[in-house]
Amino acid sequence: MMNVISTIGSHCSLQILKGAKDEGFKTLLVCKKEREDLYKRFKFIDEFILVDDFIQILDQNVLDKFQKNDTILVPHGTLISNMNSQQIENMKIPFFGNKWILRWESDRKLKEKLMKESKLETPNSVNGPNDINSMVIVKLHGAAGGKGYFLAWDKKSFMEGADKLKNQGLIKDENDLYIQEYVFGVPVYLQYFYSPLKNNVEFMGIDRRYESDVDGLGRIPSRHQLKIDVEPSYTVVGNIPIVLRESLLNEVYKMGERFVETSKRFVEPGMVGPFCIEGVYDKEGRFISFEFSARIVAGTNLYIDGSPYTALTYDEPMSTGRRLAREIKNANNSNELSKIVT
Ligand code: AMP
């Protein structure tokens, strides 16, 4: 029986804990001292564990507290960018969802495999700088929120970008980079929830990211763009809501279902709870996916009061955070926690 829902104070913690409170749980936030003032403003947070650094969640006294009070930890992007896969897999506290699939999210090669096996159309990855012969996007490994990405079109432009990252201390050498064919179209982030209890994929909402400064570049006339040496960066600042053409929805559900089925084959127990498939719609309406997130994404923060899609399936405001808490509540009641906790 889980009584308390907890997460770390960043990313979508407000949404998760609000949803937990709405479903009748006690809430606990692991919070950096400098953010205590912010989070104390929200009355749905019952208890705090204050830390200097999020990695202190691994300290024995914190873990003891989790175990003593039947507390479940909900992972999100900040958790996985502060810990490596091994640290997460070795955590000895109840963890919402499948902690092993997070390794598949952070390792680009594993990620590509899961997406290809799910029959998602993906951009080709490029082996190395010598093989670049069209526009590519060059990425760092892990959930860095688009930080450090750059565009290249040949070996020379790749090396220039890589050198900049080396000078900033963001990479050791070019092997730390992942090169992917650039897809022309519009970026869209599809938010899902898979319930192992109901064996059902729900579509929760859609967003696009508002990225600095690639989304600011269009505000400058081209003659000025040509005069300044600016490399567009993809640092996420916030999220913008989208609704899709209804004719695209059928394939959206199918993609989510294929992803869930494939994840069961490769990483038991498969995808559990919220996930996101991220990609670009091209001008023919084809969806080419460049990423997935195997946990709740920050774009769900748009829909704390429900999205246009959850409004069709629930007669009450349903955020992804609340849906997650409801899954824990249902598992508590039917004695099926083993299906959603690892
Ligand atoms: P990501 O961190 O992978 O979600 O990517 C951050 C941003 O980079 C996305 O929101 C897109 O704007 C852009 N992006 C990533 N991969 C591609 C791609 N293969 N083609 C075009 N744009 C991309």
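The structure contained in this document is the topic of the report that follows. (Residues numbered from 1 in each chain as written. Predicted model: local features only at pLDDT ≥ 70, side-chain atom pairs only at ≥ 80, totals over all residues. Heavy atoms only, no water.)

Comments concerning the overall build of the protein chain
Stage number 1. When its secondary structure is counted, the protein chain shows 12 helices and 13 strands.
Stage number 2. Taken over the C-alpha trace, the protein chain has a radius of gyration of 20 Å; the compact-globule value for 342 residues is 20 Å, and the two agree within 12%.
Stage number 3. When the 342 residues of the protein chain are sorted by exposure, 51% land in the buried category.
Stage number 4. Contacts in the protein chain between residues at least 24 apart in sequence constitute 61% of all its contacts with a sequence separation of at least 6.
Stage number 5. A total of about 16,400 Å² of accessible surface is found on the protein chain, and carbon and sulfur atoms cover 48% of it.
Stage number 6. In the protein chain, which carries 46 positive and 47 negative side-chain charges, the distance between the mean positions of the two groups comes to 1 Å. (Helix = DSSP H or I, 4+ residues; strand = E, 2+ residues; numbered from the N terminus. Rg over C-alpha atoms; globule rule 2.2 N^0.38 Å. Buried < 20%, exposed > 50% of the residue type's maximum accessible area, 1.4 Å probe, protein only. Contact = heavy atoms within 4.5 Å. Areas by Shrake-Rupley, 256 points an atom, 1.4 Å probe, with all protein chains shown as cover. Lys, Arg positive; Asp, Glu negative; His and termini not counted. Charge placed at Lys NZ, Arg CZ, Asp CG, Glu CD.)

Side note on the state of the cysteines
Stage number 1. Following the criterion strictly, the structure yields 0 disulfides and no others.
Stage number 2. You can see Cys276 has no disulfide; the closest cysteine sulfur is in Cys12, sitting 12 Å from it.
Stage number 3. Taking relative accessible area as the criterion, Cys276 reaches 0% and is therefore assigned buried. (Disulfide = S-S within 2.5 Å.)

Focus: the site of the ligand
Stage number 1. Surrounding the ligand, one finds 16 residues, the nearest of these being Tyr149, Val183, Tyr189, Glu211 and Glu291.
Stage number 2. One of the side-chain N or O atoms of Gln180 is found 3.1 Å from a nitrogen atom in the ligand.
Stage number 3. In the environment of the ligand, an oxygen atom lies 3.4 Å from a nitrogen or oxygen atom belonging to the side chain of Arg209.
Stage number 4. Contact with the protein chains covers 95% of the free accessible surface of the ligand, which is 480 Å².
Stage number 5. Residue composition of the shell around the ligand, grouped by class: 8 nonpolar, 2 polar and 6 charged. (Near = heavy atom within 4 Å. Polar contact = N/O pair within 3.5 Å; in protein donor to acceptor, adjacent residues only side chain to side chain. Nonpolar A, V, L, I, M, F, W, Y, C, P; charged D, E, K, R; others polar.)

Digging into the sheet that holds strand β13 (residues 287-293)
Stage number 1. Judged by pairing direction, the sheet is antiparallel, and its 5 strands sit side by side in the order β11-β10-β9-β12-β13 without closing on themselves. Each having just a single partner strand, β11 (234-241) and β13 make up the two edges of the open sheet. Within this sheet the neighbouring strands show an average axis-to-axis angle of 35°, counted without direction.
Stage number 2. As judged from the 7 bridges shared by strand β10 (residues 200-213) and β11, these two strands associate in the antiparallel manner. Each residue of the ladder has a partner; that of Ser212, found in β11, is Thr235. (Pairing = 2+ DSSP bridges. Axes fitted to C-alpha atoms, helices over the stretch in contact; angles between N-to-C directions.)

Re the pattern of salt bridges
Stage number 1. Following the criterion strictly, the structure yields 28 salt bridges and no others.
Stage number 2. A salt bridge links Glu23 to Arg326, with the shortest nitrogen-to-oxygen separation between them at 3.0 Å. On the criterion of sequence distance, the pair formed by Glu23 in the loop between α1 (13-22) and β2 (26-32) and Arg326 in helix α12 (residues 320-334) is long-range, its members being 303 residues apart. Each member of the pair Glu23 and Arg326 is classed as buried.
Stage number 3. A salt bridge links Arg103 to Glu89, with the shortest nitrogen-to-oxygen separation between them at 2.9 Å. In this pair, Arg103 is assigned in helix α6 (residues 101-106) and Glu89 in helix α5 (residues 85-89), connecting sequence segments 14 residues apart.
Stage number 4. One connected set of salt bridges, linked through shared partners, spans Glu23, Glu316, Arg322, Arg326 and Lys329. (Salt bridge = Lys/Arg side-chain N within 4 Å of Asp/Glu carboxyl O.)

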